[in-house]
Structures are given as C-alpha cells and as structure tokens.
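Below are the chains, spelled out letter by letter.
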Amino acid sequence: QQPVQSPQAVILREGEDAVINCSSSKALYSVHWYRQKHGEAPVFLMILLKGGEQKGHEKISASFNEKKQQSSLYLTASQLSYSGTYFCGTETPDKLIFGTGTRLQVFP
Amino acid sequence: DAGVIQSPRHEVTEMGQEVTLRCKPISGHNSLFWYRQTMMRGLELLIYFNNNVPIDDSGMPEDRFSAKMPNASFSTLKIQPSEPRDSAVYFCASSLVARANVLTFGAGSRLTVL
C-alpha cells in the first residue's frame, strides 16, 4: 500500500541533476511531494492532480503518469539547499500515504 | 499564523507509563492528521479527523493508542501503556480539507520510551 520510491539515496555535486521516482500499486487521485530536512518537519513542495501534468517549483519539477500510477520528481542544477529526504504522498483517494523516502545529499 | 503547534517537543518516559501528545492545528483547517515516523517504517498515517470526527483510524497500531479531537483547535494522541517500540517522532498535520490539499506539519514530538 505504501508507495515505493527509488532510488533510496542520491549523492550529488552542486549543479548536477537528479530524478526521484514514486510508484504505487493503487490507482491515484493525486500525488504530493514533500521535502524534510534533518531534524525538521516535512514541507510541501507541490501537488499533481491530473495524469501527465507537470508542476514546477524553482528548479524542481514533477510529472504524474496516472495510468502507470507513477510520479517522478526532477531536480535540476541542484543546490546545497536541496539536501534532505524527499517523500512522495499518494491519495487513494481519501488519505495521504507517504512513500519510503529518498535521501538526497548535495555537496559543494 | 503560528502554524501547527505540537507539545511536548521531547518526551522521555519509562515503559508502562501513559504518554499524551498534543496538537493545535492551524485556525480554519478542517482536517487533522497524526503521523508516526521511524527509520524502519518511514512516515505512517495513524489517524485523521475531518471536522473533528475521526474518519480513518486503521493505522493506529493497537488498542494502546487512542486519539481525540474535542474541538476544532485541539487534538491529543495518547499511548497507554507505552512500550519501547513506540519510540518515534510523532507529527501532527492539518489541512483545509482532507483531499488534495496541502498538509502543514507541526515540528513533531520526539518520544523515547525506556
């Protein structure tokens, strides 16, 4: 029931790109993305409501393939501030279940 | 807006003791969620309320856990008796509506049961 994220961890140099994938076994109403920095609460990044829709937040964007029940988060030209754990959240349809998380570390 | 307020921030207790975690959601938000976060299981949804009514408590681990929302501005999560495996960070979050809406999380309550 919990969506599966891949990869589990990513290490980047500043300026590099990364893709985080989220896959669910259930039909999705929407997909949310949150970022959690160490010792802090998760913070909302974006929500995708329609299949195939892409949303953007600074240099972070996401896509949602409703048929495949998948979403991907794209981080372009990563910055040190992007470090943290990224969670996808899937609504099925009346509660938000978070994925396993992807830990992203960006080094200078 | 003060955001979602949780207390206590840290709680250390001994096995068998009762633990009560508190949450004040953002004013005007109609939905409130309790999540538990551990390294092994990630962020688990325990229970959520809509307009103060519990909608889904299927994530509550066992009868030792209970949650209440007596009014729109206050919720509690109680563990009685507590066990070491309950050690985790407990987050409360609120949103305007239950579906397709942004969750705002509180800072969390870190519980350690010895």
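A brief structural summary. (Residues numbered from 1 in each chain as written. Chains lettered and ligands numbered in written order. Predicted model: local features only at pLDDT ≥ 70, side-chain atom pairs only at ≥ 80, totals over all residues. Heavy atoms only, no water.)

1. A word on the environment of L48 of chain A
Stage number 1. Assignment of secondary structure puts L48 of chain A in strand β5 (residues 43-48).
Stage number 2. As for L48 of chain A and V19 of chain A, which are separated by 29 residues in sequence, their C-alpha atoms are 16 Å apart. (Helix = DSSP H or I, 4+ residues; strand = E, 2+ residues; numbered from the N terminus.)

2. Some details on the state of the cysteines
Stage number 1. Counting across every chain of the model gives two disulfides over all chains.
Stage number 2. Disulfide partner of C22 of chain A: C88 of chain A, at an S-S distance of 2.0 Å. Judged by the torsion about the S-S bond (70 degrees), the C22 of chain A/C88 of chain A disulfide is right-handed. Taken together, the residues C22 of chain A in strand β3 (residues 18-23) and C88 of chain A in strand β9 (residues 84-91) connect sequence positions 66 residues apart. Of the two residues, C22 of chain A and C88 of chain A, both sit in the buried class.
Stage number 3. Disulfide pairing places C23 of chain B opposite C92 of chain B at an S-S distance of 1.9 Å. (Disulfide = S-S within 2.5 Å. Buried < 20%, exposed > 50% of the residue type's maximum accessible area, 1.4 Å probe, protein only.)

3. Here we look at the interface of chain B and chain A
Stage number 1. Listed by partner, the interface residues are 18 residues for chain B and 20 residues for chain A.
Stage number 2. Scanning the region where chain B abuts chain A turns up zero salt bridges.
Stage number 3. At the boundary of chain B and chain A, one finds three residue pairs in polar contact (both at pLDDT 80 or more).
Stage number 4. Per-element tally for the side of chain B that touches chain A: the top contributor is strand β5 (residues 42-50) of chain B, with three residues.
Stage number 5. In terms of residue class, the side of chain B that touches chain A is built from 11 nonpolar, four polar and three charged. (Contact = heavy atoms within 4.5 Å. Salt bridge = Lys/Arg side-chain N within 4 Å of Asp/Glu carboxyl O. Polar contact = N/O pair within 3.5 Å; in protein donor to acceptor, adjacent residues only side chain to side chain. Nonpolar A, V, L, I, M, F, W, Y, C, P; charged D, E, K, R; others polar.)

4. A closer look at unusual backbone geometry
Stage number 1. Of the consecutive residues S7 of chain B and P8 of chain B, the connecting peptide bond is found in the cis state with omega at -10 degrees.
Stage number 2. Position of P8 of chain B among the secondary structure elements: in the loop between β1 (5-7) and β2 (10-13).
Stage number 3. Residue Q80 of chain B is joined to P81 of chain B through a cis peptide bond whose omega torsion reads -5 degrees.
Stage number 4. When you line up the elements, P81 of chain B lands in the loop between β8 (74-79) and β9 (88-95).
Stage number 5. Of note, the phi angle at A77 of chain A is positive, near 50 degrees, even though the residue is not glycine.
Stage number 6. Of note in this structure, N52 of chain B is not a glycine but carries a positive phi near 75 degrees.
Stage number 7. Position of N52 of chain B among the secondary structure elements: in the loop between β5 and β6 (53-56).

5. A word on the pattern of salt bridges
All names here are of chain B.
Stage number 1. Per the stated rule, a full pass over the model turns up eight salt bridges over all chains.
Stage number 2. Residues R64 and E83 are paired through a salt bridge, measuring 3.5 Å at the closest nitrogen-oxygen approach. One end of the pair, R64, is in the loop between β6 and β7 (65-71); the other, E83, is in the loop between β8 and β9, and 19 residues separate them in sequence.
Stage number 3. Under the relative-accessibility criterion, R64 is labelled buried at 10%.
Stage number 4. A relative accessible area of 23% means that E83 is categorised as partly exposed.
Stage number 5. One salt bridge in this structure joins R64 and D86, with 2.6 Å as the shortest N-O distance. Highlighted residues: R64 in the loop between β6 and β7 and D86 in the loop between β8 and β9, separated in sequence by 22 residues.

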